[in-house]
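# Inside the fold
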Amino acid sequence: RLYLAPDCYAFVFLMGSGFQSLWLATIVFFLQATILFFYATDESAFFQNGRWLTPISAHWSVNAMKGVSLTISVLKLFNEFHKAATLHQCYLRAVATASRRATSAALVAVTLQWAVAMSILVVSVHLILAAQNAKWAMINAITIWFIMDVDEYATALVLFCKRWPHFDWGVEAEDFEDKESMPSAKHSILVCGVIPALILSVMLGVALSVNTLPLTYVRFLQPVSNDAAPDLLVGADTPAGCCGPLIHNVTTTTVDVDMLLIGTVYEAPPLVTWVAVRQGLPAPSSLQIMLGRDGESNAALAAGSLPARHVQSAYWLARHGFDKTEDMGAIEKHIARMNAAPFHASFRIGNLPPAQQLNIYVGAVNPSTLALPPIPVDAMATMQTCAAHCRDCRFASPGHCSVCEVGFRLELDWTCGACDKNCVRCGKTPGASCDLDGCAPGFTYLRGTGCLDCSIPHCDSCRVRESNVSEVRLTLCTVCKQGYVAGAGGAACFPCGIAGCERCDQVEHCGECERGYGRYGLLGNITEVLADLDKNTADSKLSNETLSMVRQELRVRADAGTLSLTKCAKCSENCNQCSEAETCDEGGCYPGFTSTRGSCEPCAAHCVNCTETRNCNDGGCRYGYGVVHGLSSGRNCVKCLDDNCLECDGNPDVCSKCSQDYGITARGTCDMCASNCAVCEKGFCLLCSGGFGLDRDAGKCLPCADACDMCLKSGPGKCDPGGCRPGFGLLEEVCYRCRADHCYRCDDGPLALHCDECAPLATLTGNNTCKAEFE
């Protein structure tokens with residue numbers, strides 16, 4: 001008589017009642033599979049305390065306990081495989097003898113038992129090897145034993161509830177009387193013995209040879225290591241608040257992020273990873289960030305990654321407000337100590353919920369070793385309430401809008417959409433793609449079509465003269481560009497042709513003169529007017545028909561005696577604004593002059609603002625001079641004693657305002673150039689100090705490339721040829737450490753293996769390498 005194990009899988013076989021008895025085995029199988037799945041996918045089974053878990057521990061006692069726990073678990077597992085082999089053999093014999101127990105349900109039960117045993121084998125090896133101390137190695141082994149025996153516990157519970165305390169688990173020998181027809185046990189031995197042993201050997205061999213846990217290797221398809229992890233600059237030797245993630249350009253649904261990090265030299269740049277999660281949730285680990293999950297292992301609101309790019313650390317720091325010399329020195333020492341290279345990442349995170357406080361967590365991964373930083377960095381971002389391009393959202397829900405900015409219209413979903421092409425104002429006219437007066441200059445609005453090109457050179461605004469289904473003609477200009485005037489009934493824009501004229505009302509008639517000019521009128525001669533017209537339109541490429549229409553208009557005005565011309569002439573001397581020629585309006589004189597009875601009289605010397613001749617108003621002297629009140633000579637301008645002083649009213653010895661990049665001292669003088677500037681003039685830097693280059697856009701000195709002392713030609717963040725410090729070589733205008741050992745100068749670039757000049761205490765060999773005297 002043969003006895004089977006008292007579990008749910010043998011129960012299905014012994015019942016022999018088809019699929020009615022399979023429900024228990026199915027439930028138990030999914031229960032065991034679910035437990036194993038969560039154990040096998042939990043991040044803590046791969047990564048803990050900022051490090052990848054590895055099968056080989058640095059402590060012999062932990063390795064010994066792993067061996068003991070693994071041995072005991074394997075023995076227990078092969079007992080489970082023995083149960084499966086016995087059940088499999090019984091099933092094969094039942095099939096051979098056409099027994100009532102040879103059901104499809106019994107075959108499914110055998111398969112499920114083998115699948116559970118194989119899954120437990122894989123997960124148990126991983127969990128025991130992942131234990132980081134002796135206690136957890138044994139706890140993980142005991143956990144595996146419990147999972148293996150769930151099927152027996154469930155079967156005992158069912159039998160108790162069914163009141164079957166004496167269920168017969170035996171198989172009578174007479175059930176298998178036909179000895180010659182019995183199937184061989186080779187199949188059972190192969191499936192339940194050889195294959196599991198082979199899988200166990202491969203798992204242990206690969207895991208121990210590459211020091212990577214089995215499921216870690218399977219999940220990430222490569223060995224992992226904790227060596228050469230990217231440095232996110234979290235430490236006491238880095239500047240306060242540095243170096244990211246720096247949050248800026250926060251909108252309703254997007255946020256821009258910048259950060260600096262340190263990676264390995266001469267290898268692939270680090271892969272920067274990030275997640276956005278709601279504030280208040282636990283902080284995720286570096287592995288959870290890489291997998292796009294929050295601290296509770298749920299999917300993050302947004303996640304992504306991108307390769308970092310090489311950057312010069314001092315230049316990046318200065319660009320982002322960390323321009324103190326001690327800050328830059330701390331980062332450079334940190335990089336040199338690690339023998340690494342600086343990188344940066346700039347990215348935008350989108351599709352974020354509006355009006356929410358979010359935490360942006362950033363990590364990084366070494367693509368070669370999958371090494372992760374122990375601690376990720378984070379920053380908080382408060383998303384805007386209004387939708388993008390919204391001017392007022394007080395009466396709208398978060399992420400929506402009530403009133404949009406100019407150039408945008410309110411959409412049906414209460415967001416702001418851009419106006420149509422060539423339209424600058426839209427949304428005010430119901431049912432129209434653009435407001436009636438909202439088209440860009442040179443375009444006009446046509447209902448049902450949008451903004452159409454006026455097709456008239458030098459025309460700012462026009463109207464449709466004729467429109468039908470088959471033809472649209474835009475030939476009537478209502479407003480021409482500055483310096484042109486509409487003529488020929490609006491068919492064209494003609495050059496004004498009047499010197500000093502800002503705006504023409506008609507041909508040869510100025511409505512407003514330029515500054516410094518005033519209008520005067522005279523009766524026009526038709527012959528001279530037509531000659532001027534031909535001269536002004538010689539290069540305008542106007543049609544003969546259009547020119548004929550304008551000539552006819554001028555002749556009609558001449559015949560009616562209304563051909564009065566309005567020209568422009570200069571104002572009086574030293575005058576910038578006048579209504580009539582050769583006069584000056586009140587307040588229209590150039591700086592340094594004052595208006596007196598239509599003419600401009602000079603102020604005091606070096607004065608730019610006065611109301612009385614030969615005097616100066618307080619604060620009216622030009623830069624470098626100050627107003628001094630004399631008893632008889634009035635208010636004059638006296639030169640400030642400090643050359644860098646702009647204003648010194650009342651006392652030329654005491655400065656009240658210094659020039660740019662200078663500050664007032666306690667003595668009332670101006671002192672110092674800008675930081676890191678060697679030569680400057682009136683507050684402007686002309687030559688930066690060594691190690692700095694002039695940023696002409698920012699108007700200040702910014703650091704050269706790392707390890708560079710000269711960037712006069714290349715500019716900040718770069719390096720001139722010959723500017724790299726000893727031990728570094730120039731590559732693409734930045735400095736990298738020479739690859740050859742003990743090398744002082746590598747003119748052919750840092751990647752070359754030969755050297756041009758060796759460091760002290762080293763000798764240049766015949767193959768252009770350096771050999772240290774102490775080696």
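Coordinates for the structure precede this section.
The structure reproduced in this document is the subject of the present report. (Residues numbered from 1 in each chain as written. Predicted model: local features only at pLDDT ≥ 70, side-chain atom pairs only at ≥ 80, totals over all residues. Heavy atoms only, no water.)

## Describing the overall build of the protein
- When its secondary structure is counted, the protein shows 13 helices and 46 strands.
- Taking all 775 residues of the protein together, the buried fraction comes to 44%.
- Restricting the contact set of the protein to residue pairs at least 6 apart, pairs at least 24 apart contribute 49%.
- Put simply, the protein shows about 40200 Å² of open surface, and 55% of that area lies on carbon and sulfur atoms. (Helix = DSSP H or I, 4+ residues; strand = E, 2+ residues; numbered from the N terminus. Buried < 20%, exposed > 50% of the residue type's maximum accessible area, 1.4 Å probe, protein only. Contact = heavy atoms within 4.5 Å. Areas by Shrake-Rupley, 256 points an atom, 1.4 Å probe, with all protein chains shown as cover.)

## Side note on the state of the cysteines
- Going through the model one piece at a time under the given rule, you end up with 25 disulfides.
- Between the sulfur of C575 and that of C584 lies a disulfide, 2.2 Å long from S to S. Between C575 and C584, the S-S dihedral sits near 85°, and the bridge is therefore right-handed. When sorted by exposure, C575 lands in the same class as C584, which is buried.
- The residue that forms a disulfide with C738 is C746, at a sulfur-sulfur distance of 2.0 Å. Every disulfide takes its handedness from the sign of the S-S torsion; for C738 and C746 that torsion is -80°, giving left-handed. (Disulfide = S-S within 2.5 Å.)

## Section: the side chain of D695
- Looking at where D695 falls in the secondary structure, it is placed in strand β39 (residues 692-695).
- At 2.6 Å, the side chain of D695 forms a polar contact with the side chain of R319. (Polar contact = N/O pair within 3.5 Å; in protein donor to acceptor, adjacent residues only side chain to side chain.)

## Details of the sheet that holds strand β11 (residues 357-365)
- Reading across from one edge, β8-β7-β11-β12 is the order of the four strands in this open sheet, with antiparallel pairing throughout. Edge positions in the open sheet fall to β8 (302-307) and β12 (377-382), since each of these has one partner strand only. The average angle at which neighbouring strand axes cross in this sheet is 20°, direction not considered.
- Two strands pair when backbone bridges link them, and strand β7 (residues 271-278) and β8 are joined in this way by six bridges, in the antiparallel orientation. The residue bridging L271 from the neighbouring strand is P307, located in β8. (Pairing = 2+ DSSP bridges. Axes fitted to C-alpha atoms, helices over the stretch in contact; angles between N-to-C directions.)

## Here's the deal with helix α5 (residues 134-148)
- Here α5 spans 22 Å end to end across 15 residues, near enough to the 21 Å set by a 1.5 Å rise per residue.
- Restricting attention to buried positions, one finds in α5 the residues A137, N140, A141, I144, I147 and M148. Buried positions in α5, seen along its axis, are confined to an arc of 120° and lie on one side of it. (Expected span 1.5 Å × (residues − 1). Arc of directions from axis to C-beta.)

## Structural notes on the packing of helix α4 (residues 104-130) against α5
- Running from amino to carboxyl end, α4 crosses α5 at an angle of 165°, the nearest separation of the two axes being 9 Å. By the angle class used here, α4 and α5 are roughly antiparallel. In this structure, α4 crosses over α5, and the sense of that crossing is right-handed. Facing I120, S124, L127 and I128 of α4, the residues of α5 in contact are A137, N140, A141, I144, I147 and M148. (Parallel < 35°, antiparallel > 145°, perpendicular 65-115°, else oblique. Left-handed = near helix turned anticlockwise from the far one by under 90°.)

## Observations concerning the packing of aromatic side chains
- A complete count under the given rule lists five aromatic pairs for this structure.
- Plain terms: the ring middles of F37 and F38 are 5.7 Å apart, the flat faces sit at 75° to each other, and that makes the pair edge-to-face. Neither F37 nor F38 differs from the other in exposure class; each is exposed.
- Measuring from centroid to centroid gives 5.5 Å for F47 and W52, while their planes differ by 80°, and the two rings are edge-to-face. Both residues of the pair, F47 and W52, count as buried.
- In this structure an aromatic cluster arises from ring pairing among F47, W52 and F220.
- Its guanidinium or amino end placed over the ring of F46, R219 lies 5.0 Å from that ring's centre, counting from NZ or CZ. (Phe/Tyr/Trp six-rings, centres within 6.5 Å; stacked < 30°, edge-to-face > 60°. Lys NZ or Arg CZ within 6 Å of the ring centre and 35° of its normal.)

## Concerning the environment of L127
- With respect to the element layout, L127 can be found in helix α4.
- C-alpha of L127 to C-alpha of A40: the two residues are 87 residues apart in sequence and 8.2 Å apart in space.
- Discounting residues that sit within four places of it in the chain, L127 has contacts with Y39, A45, N140 and I144.

## Some words on the sheet that holds strand β5 (residues 246-248)
- Strand order in the open sheet formed by four strands is β5-β6-β10-β9, with antiparallel pairing between adjacent strands. Each end of this open sheet is capped by a strand with a single partner; those strands are β5 and β9 (309-310).
- Where β5 lies against strand β6 (residues 255-264), three bridges are found, and the strand directions are antiparallel. Each bridged residue has a counterpart across the sheet, and for L246 the counterpart in β6 is D258.

## Some remarks on the nonpolar core
- By size, the foremost hydrophobic cluster in this structure holds 65 residues, and its most contacted members are Y9, F13, W52 and I120.
- Sorting the residues of this core by element identifies α1 (8-15), α2 (22-41), α3 (60-96), α4, α5, α6 (150-161), α7 (186-210) and α8 (214-220) as the ones contributing at least two each.
- Counting residues per element, this core draws most heavily on α4, which supplies 16 residues. (Core = buried A, V, L, I, M, F, W, Y, C linked by side-chain atoms within 4.5 Å.)

## Comments concerning the pairing of strand β40 (residues 700-703)
- Relative to β40, β39 runs antiparallel, the two sharing four bridges. When the bridges of β40 are listed, L694 appears paired with C701.
- Once β39 ends, the chain turns through four residues before running back antiparallel as β40, passing G699 with a positive phi of about 70°.

## Section: unusual backbone geometry
- Of note in the backbone geometry, A228 takes a positive phi value of approximately 60° without being a glycine.
- Within the fold, A228 resides in the loop between α8 and β5.
- If you check the backbone angles, E582 has positive phi at about 60° while not being a glycine.
- The class for E582 is exposed, based on a relative accessible area of 65%.

## Examining the packing of α2 against α5
- The contact between α2 and α5 brings their axes to 10 Å, and the two run at 155°. Taken as axis vectors, α2 and α5 run roughly antiparallel relative to one another. Considering how the two elements wind past one another, α2 and α5 form a crossing that is left-handed. Residues Q32, I35, L36 and Y39 of α2 lie in contact with α5, whose contacting residues are T143, I147 and M148.
- Of the residues assigned to the contact of α2 with α5, the class counts are five nonpolar, two polar and no charged. (Nonpolar A, V, L, I, M, F, W, Y, C, P; charged D, E, K, R; others polar.)

## Brief notes about the environment of C480
- By the secondary structure assignment, C480 is in strand β22 (residues 476-480).
- For C480, a relative accessible area of 13% corresponds to the buried category.
- If we ignore the near neighbours within four places in the chain, the residues touching C480 are H458, C459, D460, V485, A486 and C493.

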